[in-house]
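One-letter residues, chain by chain:
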Amino acid sequence: MGTVHIVGAGLAGLSAAVRLTEAGRRVILHESAPQAGGRCRSFYDATLDRVVDNGSHLALSGNRSLLGYLERVGAGGALTELRPAAFPFLDLSSGERWCLRPGGMWLFDKARRVPESRPADYLAALRTLTARPEAAVADALPPGGALYDRLWRPLAVSVMNGAPERVSARLFGAVLRETLLRGEAACRPLFAEKGLSAALVDPAVAWLDRHGAELRTGARVDGLERAGDRIAALSVDGERIALGGGDVVILAAPAWIAARLLPEAVPVPAAGRAIVNAHFRLPAATALPDGLPFLGLVGGTADWLFRRGDVLSVTVSDADALAAQPTDAVAATLWRDAAQALGTPDAALPPFRIIKERRATPDQSPVHAANRPCARTALKNLVLAGDWTNMGLPATLEGAVRSGEFAARAVLTAGITTFSRLGLFPAFTLPRRGPI
Ligand SMILES: Cc1cc2nc3c(=O)[nH]c(=O)nc-3n(C[C@H](O)[C@H](O)[C@H](O)COP(=O)(O)OP(=O)(O)OC[C@H]3O[C@@H](n4cnc5c(N)ncnc54)[C@H](O)[C@@H]3O)c2cc1C
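Rules behind the numbers
- Just so you know, the residues in each chain are numbered from 1, in the order the chain's sequence is written.
- Per-residue local features are limited, in this predicted model, to residues with pLDDT of at least 70; the limit for side-chain atom pairs, both in listing and counting, is 80 or more; totals at the level of whole chains, interfaces and linings are taken over all residues.
- Hydrogens and water molecules were not included; the side-chain quantities draw on all heavy atoms of the structure.
- Helical segments are the DSSP runs of H or I of at least four residues, strand segments are the runs of E of at least two, and each set is numbered from the N terminus.
- Only protein chains enter the accessibility calculation, which uses a 1.4 Å probe; a residue is then buried when its area is under 20% of its type maximum, exposed when over 50%, and partly exposed in between.
- Whenever two N or O atoms come within 3.5 Å, that pair is a polar contact, provided that in protein one can donate a hydrogen and the other can accept it, and provided that, for residues adjacent in sequence, both atoms are side-chain atoms.
- Annotation comment: domain bounds sourced from an automatic or database domain assignment.
- Two residues form a contact once any of their heavy atoms are found within 4.5 Å.
- Buried area is a sum: the accessible area each of two parts loses on coming together, probed at 1.4 Å, counted once for each and added.
- By convention in these notes, a salt bridge is any Lys or Arg side-chain nitrogen within 4 Å of a carboxyl oxygen on Asp or Glu.
- Throughout this document, a residue counts as near a molecule or strand when at least one of its heavy atoms sits within 4 Å of that molecule or strand.

Within the element layout of this structure, Thr361 appears in the loop between strand S19 (352-357) and helix H10 (366-370). Judged by relative accessible area, which is 7%, Thr361 ranks as buried. Measuring from C-alpha to C-alpha, the distance between Thr361 and Ala255 comes to 8.8 Å, with 106 residues separating the pair along the chain. In this structure the side chain of Thr361 is engaged in a polar contact, spanning 2.8 Å, whose partner is the side chain of Asn161.

By domain assignment, the protein chain separates into domain 1 (3-40 + 196-269 + 364-422) and domain 2 (87-187). Computed over C-alpha atoms only, the centres of domain 1 and domain 2 are separated by 33 Å. On the domain 2 side, the residues contacting the 13 residues of domain 1 number 13 residues. When domain 1 packs against domain 2, the two sides together hide about 870 Å² of surface, and 63% of this comes from carbon and sulfur. Of all residues in domain 1, the largest losses of buried area upon contact with domain 2 belong to Gln364, Pro366 and Pro394, amounting jointly to 55% of the total for that side. If you look at where domain 1 meets domain 2, you find one salt bridge. We note a salt bridge from Glu178 to Arg402, for which the minimum N-O separation is 2.8 Å. Along the contact surface separating domain 1 from domain 2 lie three residue pairs in polar contact (both at pLDDT 80 or more). Listing elements by their share of the side of domain 1 that touches domain 2, those giving two or more residues are H10 and helix H11 (397-412).

This part takes up unusual backbone geometry. Backbone torsion omega between Arg83 and Pro84 reads 0°, so that peptide bond is classified as cis. Tracing the sequence through the fold places Pro84 in the loop between strand S6 (80-81) and strand S7 (87-91). Although it is not a glycine, Asp237 sits at a positive phi angle of roughly 50°. Assignment of secondary structure puts Asp237 in the loop between strand S12 (230-236) and strand S13 (239-242). Residue Asp318 is not a glycine yet carries a positive backbone phi of 50°. Locating Asp318 in the fold gives a position in the loop between strand S18 (311-316) and helix H8 (320-323).

With that out of the way, let us pick up the site of the ligand. As a structural note, the neighbourhood of the ligand is formed by 36 residues, with Glu31, Arg39, His57, Leu58 and Asp387 the closest of them. Separating a nitrogen atom of the ligand from a backbone N or O atom of His30 is a distance of 3.5 Å. Leu58 has a polar backbone atom sitting 2.8 Å from an oxygen atom of the ligand. For the shell around the ligand, the secondary structure elements donating two or more residues are helix H1 (11-22), strand S2 (26-31), strand S15 (275-281) and H11.

What follows is the structure, given as structure tokens:
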């Protein structure tokens, strides 16, 4: 058995590495950044004198691959679960508040659903499950009505990082199928209270180290050398690493990097929209109005507020226009929304850090969603992973981890595809279209 070289130690690469190490394969992760985590990472910010995340991330209890990955590396309790599920919202333009509390007969309880919505309105979600591949979210869930403005739109923008008119209904439906439509136990919010790296990255890195896998940080793969139907060598910072007969490469870099490295025409999506985060250091630890750790906002610029001790974080998805503005202007705009939500509209702007992730997710339009590449490629020893590949979900933590699982399976079942498709590897569940 040869070595598996994994390019990129984001969640997709880490998840593949864990599965393969568990299966007894020798794994080397090549990561260009100084640390693992990719688009899901924490860092020390000197202005705030706090460790902050590149962007607040929310996961849900129905994210079974993410939770399974954490269990495997001994970090089962790393994410804090909000139980029972609750999604508090504030409309900044009207001051109206509501809290979505899924579970049991919730649709028949006015206090637990979106104001002015009717139970039957929620059935529209089912249309995303049977949407045509070319349908956008707004085709399946047409604009208009309280539920669209106060639930479907904010949810689609956050989950898909794009306007409902531009993003795939099928991918959005896949999330609803695995979470909201499975009931309360599958849609409890999960947070990284101690930060993304501490919860989702460091435990996997430590586990891999203990189990003999090698993580090489600061190692940029700048070329994949092809010979016939195989990858013959990797170039890492200009140095050639020849591959042996049993060696395999898993390319788990983001889409825009993969497009540069892939030696042949694989349909790789372009970068999608930006996500902007603002972290504000408040004079003291502050609770959000509902006493919950996060708050959804509509009617302003900010989408979500998250509190962690004395740091208040604001997230805006589908944020290209905001990201184009100067940092001070972004901070002023987002602080205005945050201060209003806290009930202190005249509070002075506190110390802040703005993070503009311009390529936060790949393009998730129906065209790209329908053409995502599978884990296996035409080259015998090249496998793909990442939130842009065909793993059946949008570009999310869950999607990235699952893509890593599929990549690992493609390596472990090379040559026995038929058996795997017959379900002889039940630890993995296939989406409807084969990801491998
Ligand atoms: C601000 C923000 C907020 C988000 N919020 C949420 C959320 O709330 N919930 C959710 O589920 N998802 C969220 N996401 C999406 C989620 O973070 C990503 O889908 C996921 O982290 C992608 O993981 P990945 O492993 O596919 O890619 P990446 O994390 O991009 O990992 C790829 C790795 O490859 C490395 N690399 C790149 N080029 C090379 C090279 N040439 N050689 C070696 N290594 C290389 C990179 O440094 C990186 O570490 C958010 C993303 C952002 C940016």
